[in-house]
Structure formats: C-alpha cells, structure tokens
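Read off the chains here:
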Amino acid sequence: MTAYGTSRGPYRFWRLMAVGLRTHVLHLSRSGVELVMAVFSPLVYATLAVYLFRAGDHPDRLLQAAVGAGLMGVWSAVLFGAGGAIQEQRWMGTLETLVSAPTRFSLVLMPITFATSLVGLYSLVATVVWGVVVFDVPFAPASPWLLAPAMLVCVVALGMMGILMAATFVLLRNANALANALDYPVWMFSGVLVSTASLPQWTRPITWVLPTSWAARAVQAATGGGEVLRPSLVALGLGAGYVGLALIALVWVERRARSAGTLTLT
Amino acid sequence: MTTDLAIEAVDLARSYRTRTGWLKPQRKTIDAVRGVSLAVGRGELFGLLGPNGAGKTTTIKMLNTLLLPTAGSARILGYDVARQPLEVRRRIGYVFGGDRGLYERLSALDNLRYFAELYGVEPREQLPRIHQLLEQVGLTGREKERVEGYSRGMRQKLHIARGLLHRPDVLFLDEPSIGVDPAAARELRRMVADLVEGGTTVLLTTHYMAEADELCDRIAVIASGTVRAEGTPDELKDRVRKLDVLEIEVHDAIGEEHLRLLRETGGIERATVETKGTIDVVTVHARPSHASHASVLAALGDLRTGKVTTREPTLEDAYLSIVSDAATAGSEG
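Parameters at a glance
- Residues numbered from 1 in each chain as written.
- Chains lettered and ligands numbered in written order.
- Predicted model: local features only at pLDDT ≥ 70, side-chain atom pairs only at ≥ 80, totals over all residues.
- UniProt positions renumbered as here; feature names shortened; annotations may be inferred.
- Helix = DSSP H or I, 4+ residues; strand = E, 2+ residues; numbered from the N terminus.
- Buried ≥ 20, exposed ≤ 12 C-beta atoms within 10 Å, placed from the backbone.
- Contact = placed C-beta atoms within 7 Å.
- Core = buried A, V, L, I, M, F, W, Y, C linked by C-beta atoms within 7 Å.
- Domains from an automatic or database assignment.
- Pairing = 2+ DSSP bridges.
- Right-handed = clockwise from strand over helix to strand, strands pointing away.
- pLDDT = per-residue confidence, 0-100.
- Arc of directions from axis to C-beta.
- Axes fitted to C-alpha atoms, helices over the stretch in contact; angles between N-to-C directions.
- Parallel < 35°, antiparallel > 145°, perpendicular 65-115°, else oblique.
- Left-handed = near helix turned anticlockwise from the far one by under 90°.
- Nonpolar A, V, L, I, M, F, W, Y, C, P; charged D, E, K, R; others polar.

The name given to chain B in an unreviewed UniProt entry is Daunorubicin resistance protein DrrA family ABC transporter ATP-binding protein, with Streptomyces cirratus as the source organism. According to the UniProt record, the Subcellular location (unreviewed entry) comment for chain B is "Cell membrane".

Following this line, the structure appears as structure tokens:
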C-alpha cells in the first residue's frame with residue numbers, strides 16, 4: 001500500500017537536490033530579515049574594507065578588498081545560514097518532519113546549506129558591485145575569465161563545509177551561540193581580507209584545513225594575479241572531505257539527537 | 001516482512017536527564033514513559049488517551065523513530081524502530097496538531113511538492129497525488145496561497161495531506177483536532193474513518209472523548225507514563241457502569257467544602273465540578289441505591305440548585321475514573 005518510490009541513484013539524488021534547493025531558496029527569499037541582511041551587509045562590509053585599504057595606503061588593492069569583504073559575507077551567510085536554518089527548522093517544527101521522512105538526513109541537509117551559500121554568492125557579487133558603483137573601485141581582475149568560476153568554487157566549497165556545520169547544529173538547541181563564536185576566527189585564519197602571513201606560526205595548520213582559505217586564495221588570485229586552478233581544486237577537495245566527514249558524523253548525530261531528544265524545542 | 005501486528009511495543013520506556021545550575025549542577029532523571037506495552041493489529045484504529053504530560057506524545061515519538069527508547073522495544077510492521085528507522089519511516093505517516101511543522105512562507109502546493117520528494121513519491125505520481133489529497137482535505141483552490149495566511153483548521157488539513165502523501169500503512173495522529181472548529185473536526189473524523197476503512201492502521205491521541213468513542217476500535221488510557229486501562233470504548237465504560245451518574249446544575253459558586261461534604265456522603269464514589277457559562281455542573285458518581293437525590297442535595301446545603309439528571313456513564317466518565325484512580329495510586333505510592 002505504501003507508495004514509497006523505487007527510483008534510486010543519481011536521478012533521485014539530483015531531483016532531491018533541485019527540489020530542496022528551490023524550496024529553501026524560495027523560503028529564505030521571503031523572509032524580511034534575510035532580505036535586509038542580504039541587501040545591507042555587503043554594503044557595510046564593502047565600505048569597511050575599502051576605507052581600511054585606503055587608510056592603509058593600498059589603493060591598488062581595492063578590488064581585492066571588495067572581494068575579500070564579499071568572501072566575509074559568504075562565510076557569514078553559510079555559517080549563520082546553516083546554524084540559523086537548523087534553528088529555524090526547529091522553531092517551525094519542521095525539523096521533526098524532515099527527520100521522520102524516509103530520506104537520509106544528510107540528503108535533506110545538503111539543499112538547506114547550499115541554499116544559504118547561494119545567498120552568500122549574492123553577497124559576494126553585491127559587495128563587488130557596491131565597491132565598483134559606490135566607491136569607484138576599478139574593476140580590472142587579473143584573470144577575468146577565471147573570476148566567475150573561482151567564485152562558484154568558493155560558494156560550493158563553503159556550502160560543503162556548511163553541511164558539517166549544520167550537522168553539529170542539529171545537536172545544539174542554541175546553535176546560534178556556536179555560529180557567533182566561529183564567525184571572526186574563520187575570517188582571520190582564512191585570510192579572506194588580510195594576509196595570514198602576519199598570524200603566528202601555530203595558526204598555519206588551521207589555515208590549511210579551512211576550504212575558505214583556499215577558496216579565498218583562488219578568488220583573490222583571479223582578481224589580483226596568481227594561480228587560480230590549484231587553490232580552487234584544493235578548496236573543492238577539502239570541501240568534499242568535509243562532506244565525507246559530515247556524512248559519517250550525521251549518522252551519529254541523528255542517532256544522538258534521537259537519543260537526547262534535541263529535535264524539538266519543547 | 002509479514003506480521004499481523006502493525007504496532008507492537010513491549011515495555012517501552014523513555015527517561016530524560018536534565019541539568020540545572022553551573023557551579024553546583026543538579027542532575028535529575030525524568031521518567032516520561034515507564035514500560036508501555038501495546039499491540040495494534042493491521043487496519044485497527046487505536047486510541048491513546050491521557051492527561052497532559054501522561055507520556056502520549058513521547059510514546060508516539062518513540063514509535064515513529066523520532067526518539068530512541070531508553071528501555072524496551074517497539075516494532076512497526078515487524079521493523080524495529082530503534083535499529084531500522086528508514087524501513088519504519090517508509091511505512092508510516094506522522095501528523096501532529098497545532099500551528100507548527102509547515103513552511104509558513106511557502107504555499108500549500110510548494111510544501112506538498114517538497115515533502116512528496118522527501119517521502120520518495122515517484123515524480124510522475126507527485127502532482128496527481130497532491131491534487132487528489134488537496135481535494136480530499138478540501139484545500140483545492142487555496143493551494144497557491146501562503147500557509148501563513150491559513151486558519152488553524154486549514155493548516156491541520158494540510159498537515160494531514162502531508163502525512164498521507166506516500167500512502168502510509170500506519171498513520172500516527174497526535175491530537176489532530178486540537179484547536180479545530182466543530183465542523184472541521186467532524187470532517188477530520190470522517191477522513192480518519194475513511195482511511196481505516198481503506199486498510200490504514202491509525203494510532204490516535206486526543207483529548208476529545210466523543211472523538212475517541214466514535215472512532216476508536218480500542219483505547220489505552222495512559223497516565224504517569226504507564227497504561228492504566230485498555231479495551232474497547234464499551235469495555236472501558238463498563239468499568240463505571242456499575243455507578244449511577246447524577247448531574248446537578250448549581251447557580252452559586254461551589255467551594256471545596258461542598259465538594260468535600262459530597263465526597264464524604266455515603267455511597268458517593270466521586271464528585272467533580274465543571275463551570276458551564278453562568279452555572280456550575282456537579283457530576284456525582286454514586287453506587288446504586290446508596291445515594292439518593294435528597295442526600296446529594298443535602299450535601300450541597302444552601303446552594304441554589306437547578307435541574308438534576310441521571311444519565312448513562314460516558315467514555316469521559318470512564319476516563320476520569322481511570323485517571324483519578326491512577327493519581328490516587330500515585331500519591332499513595
């Protein structure tokens with residue numbers, strides 16, 4: 001009697017991703033708070049970055065400043081999006097309906113985090129546009145044809161990292177607290193705005209394992225000059241590694257959430 | 001996997017550990033469910049009744065794989081809820097009452113499309129199935145409106161449509177009629193009856209006794225995390241049928257003193273009061289030929305009384321009797 005479908009494999013996977021992405025982007029795009037954040041935070045980031053670089057006597061690197069500020073926006077969108085999305089699902093009571101569906105929870109989470117990184121992509125593009133339009137930042141990337149792919153890689157890599165973040169947030173009833181704590185350190189350790197060369201030696205391993213570092217390196221190389229392909233591939237590889245970790249973690253996380261009863265707020 | 005039982009729970013228990021304070025943390029264990037055993041046959045409509053905090057929802061959440069039991073075991077259509085959650089989820093639907101559990105900023109259609117995908121409904125079957133369900137629950141024509149504009153009754157209908165998308169063999173309905181107006185509640189009952197007629201097994205929790213009486217083949221009354229009584233609605237009513245039920249309308253406010261006097265009157269087993277509009281209605285359960293109308297009225301003293309009626313015990317009487325016995329046993333234990 002049960003009409004659970006028999007279609008499996010790649011078709012089912014891509015369909016699930018497409019429908020999930022559409023659903024969550026649509027839902028995010030209809031939130032007043034999300035819209036205000038998405039529209040105004042790039043402007044704030046771009047303004048700060050441009051003034052910082054002007055004050056630091058680096059007018060030649062203004063485009064990189066705008067891109068760096070955009071990357072900060074992507075990371076914030078993914079971090080707060082992943083944590084906020086899980087928290088919001090919990091508030092709406094949909095987390096239980098998602099978990100009780102006969103689809104692996106990792107597959108349910110993927111479109112949610114990719115939806116937040118898509119919002120991040122907007123943030124990245126908007127920051128650069130704000131920089132060019134409002135602050136007359138000259139738009140002359142060193143590798144114009146590689147800039148868009150590098151940006152896309154950045155969003156995908158961060159989305160993949162977001163899946164691991166979201167996995168941990170399932171366990172925590174107050175996920176936003178962890179998101180707040182992770183916001184600034186990851187910007188610093190990834191060198192999205194300022195080079196990591198000025199950081200102590202012991203921070204290097206942290207920088208290497210963050211896909212944000214490599215994604216930022218690729219995007220900045222595309223704007224300011226340097227190798228784009230290698231850091232892009234490393235970012236994707238690391239992102240895939242994070243997805244692998246998330247898949248393993250989610251089996252445990254889901255069982256732990258069922259054991260601890262953290263799927264609801266009540 | 002074939003089994004005659006749709007739902008089978010053996011000594012199912014669930015406890016929560018809570019911690020308060022940071023410097024000197026105090027840990028407490030709360031036993032929400034303490035050894036519930038149930039056996040529900042295929043195609044049966046089984047009711048789970050009990051007061052708030054009795055453990056009904058916790059029991060349902062263990063059966064539908066959202067919570068892991070801390071002791072005991074449960075199987076749905078032969079699949080273990082703790083070890084085979086995906087197998088169980090493919091065969092069950094879960095509908096709960098209240099406003100939550102839907103994507104408010106999306107339309108009913110978008111909600112159902114997404115859940116149809118998550119529930120693995122074949123792509124070519126999705127839209128026909130969604131439209132069939134929208135028709136069935138009476139939301140046709142409103143499916144493109146955002147859920148945030150829906151009334152409680154409409155949300156409940158959408159919840160039911162969501163829970164039925166993949167034609168589950170077993171449906172868990174956790175207080176589906178809460179906050180729903182009488183007309184919508186009647187429609188809901190008709191829909192549930194139709195589902196059972198079509199072979200779906202339903203586990204229903206509700207606070208509405210008339211609903212349970214009308215729908216359920218069998219009922220378990222749960223209080224303080226354990227099953228206190230189980231049987232058909234008639235079997236449960238038989239437990240209190242040996243008592244006469246008197247209802248007395250009172251036009252003055254009844255105090256605790258009057259109730260104490262009533263309870264101490266010979267032959268009276270139970271006395272409760274309920275305010276209905278401007279009057280209080282006292283319900284007295286008395287052993288036949290022990291408490292006359294006169295002795296009951298005498299206990300109410302100088303209060304202005306109105307109509308006095310004698311009626312057949314209802315499921316509500318049986319339920320209140322079972323729950324109050326459980327409370328008495330609990331306070332003595």
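1. Focus on the overall build of chain A
Looking only at helices and strands, one finds ten helices and zero strands in chain A. Sequence-ordered secondary structure for chain A, helices as α and strands as β, is α-α-α-α-α-α-α-α-α-α. Per-residue burial for chain A yields a buried fraction of 49% across its 266 residues. Within chain A, residue pairs in contact and separated by at least 24 positions form 81% of the contacts whose partners lie at least 6 positions apart.

2. Details of the overall build of chain B
Each helix and strand counted, chain B has eleven helices and 14 strands in total. Based on the C-alpha atoms only, the size of chain B along its principal axes is roughly 70 × 50 × 50 Å. Taking the intrachain contacts of chain B between residues at least 6 apart in sequence as the baseline, contacts between residues at least 24 apart amount to 71%.

3. Observations regarding the nonpolar core
Across soluble globular proteins, nonpolar side chains show a tendency to be buried alongside one another. Within the largest apolar cluster, 176 residues are counted, with the highest numbers of intra-cluster contacts made by A66, C154, A166 and A218 of chain A. Of the residues forming this core, the biggest block, 19 residues, is contributed by helix α6 (residues 144–171) of chain A. Looking at which domains feed residues into this core, each of domain 1 (5–237) and domain 2 (244–312) of chain B supplies at least three.

4. Here we look at the environment of V36 of chain B
All names here are of chain B. Among the structural elements, V36 can be located in strand β2 (residues 26–41). The sequence separation of V36 and G72 amounts to 36 residues, and the corresponding C-alpha distance is 8.5 Å. With residues up to four places along the chain from it excluded, the contact list for V36 reads A9, L12, T59, I222, T226 and V227.

5. Concerning the pairing of strand β3 (residues 45–49) of chain B
Residue and element names in this part refer to chain B. Of all the five residues making up β3, five are buried; the element is thus mostly covered by neighbouring parts of the structure. Here β3 shows a buried face lined by L45, G47 and L49 and a second buried face lined by F46 and L48. Relative to strand β8 (residues 201–205), β3 runs parallel, the two being bridged by four bridges. Pairing of L45 across the sheet is with V202, part of β8. Here four bridges tie β3 to strand β9 (residues 218–223), and the two strands are oriented parallel to one another.

6. Focus on the pairing of β8 of chain B
Residues and elements named next belong to chain B. Counting buried residues in β8 gives five out of five residues, a clear majority hidden from the surface. Residues T201, L203 and T205 line one face of β8 and the alternating positions V202 and L204 line the opposite face, and both faces are buried. In this sheet, β8 lies alongside strand β7 (residues 170–174) in parallel orientation, the contact comprising five bridges. Its bridge partner being in β8, F172 is matched across the sheet by L203. Running through helix α6 (residues 182–197), the crossover from β7 to the neighbouring parallel element β8 is right-handed.

7. A word on the environment of A260 of chain A
Considering the arrangement of structural elements, one finds A260 of chain A in helix α10 (residues 229–260). Its 14 C-beta neighbours within 10 Å are what place A260 of chain A among the partly exposed residues.

8. So, the confidence of the model for chain B
Residue and element names in this part refer to chain B. Taken over all residues, the pLDDT of chain B has a mean of 86, while the share at 70 or more is 96%. Mean pLDDT per element in chain B: helix α11 (residues 315–332) is the minimum at 72, and helix α3 (residues 108–118) is the maximum at 95. If you check the scores for this complex, the pTM reads 0.80 and the ipTM reads 0.80.

9. So, helix α8 (residues 233–241) of chain B
All of the buried residues along α8 of chain B are P233, L236, K237 and V240 of chain B. For α8 of chain B, the angular spread of buried residues about the axis comes to 100°, placing them on one side.

10. Considerations on the packing of helix α1 (residues 9–29) of chain A against helix α5 (residues 105–135) of chain A
Residue and element names in this part refer to chain A. Look at α1 against α5: their axes get within 8 Å of each other, and the N-to-C directions meet at 50°. The orientation of α1 with respect to α5, classified from their angle, is oblique. In the crossing of α1 with α5, the sense of the turn from one axis to the other is right-handed. Contact with α1, carried on its side by L16, M17, G20, L21, H24, V25 and L28, involves L107, M110, P111, I112, F114, A115, L118 and V119 of α5 and no other residues of that element. Among the residues making up the contact of α1 with α5, the classes are represented as 13 nonpolar, two polar and no charged.

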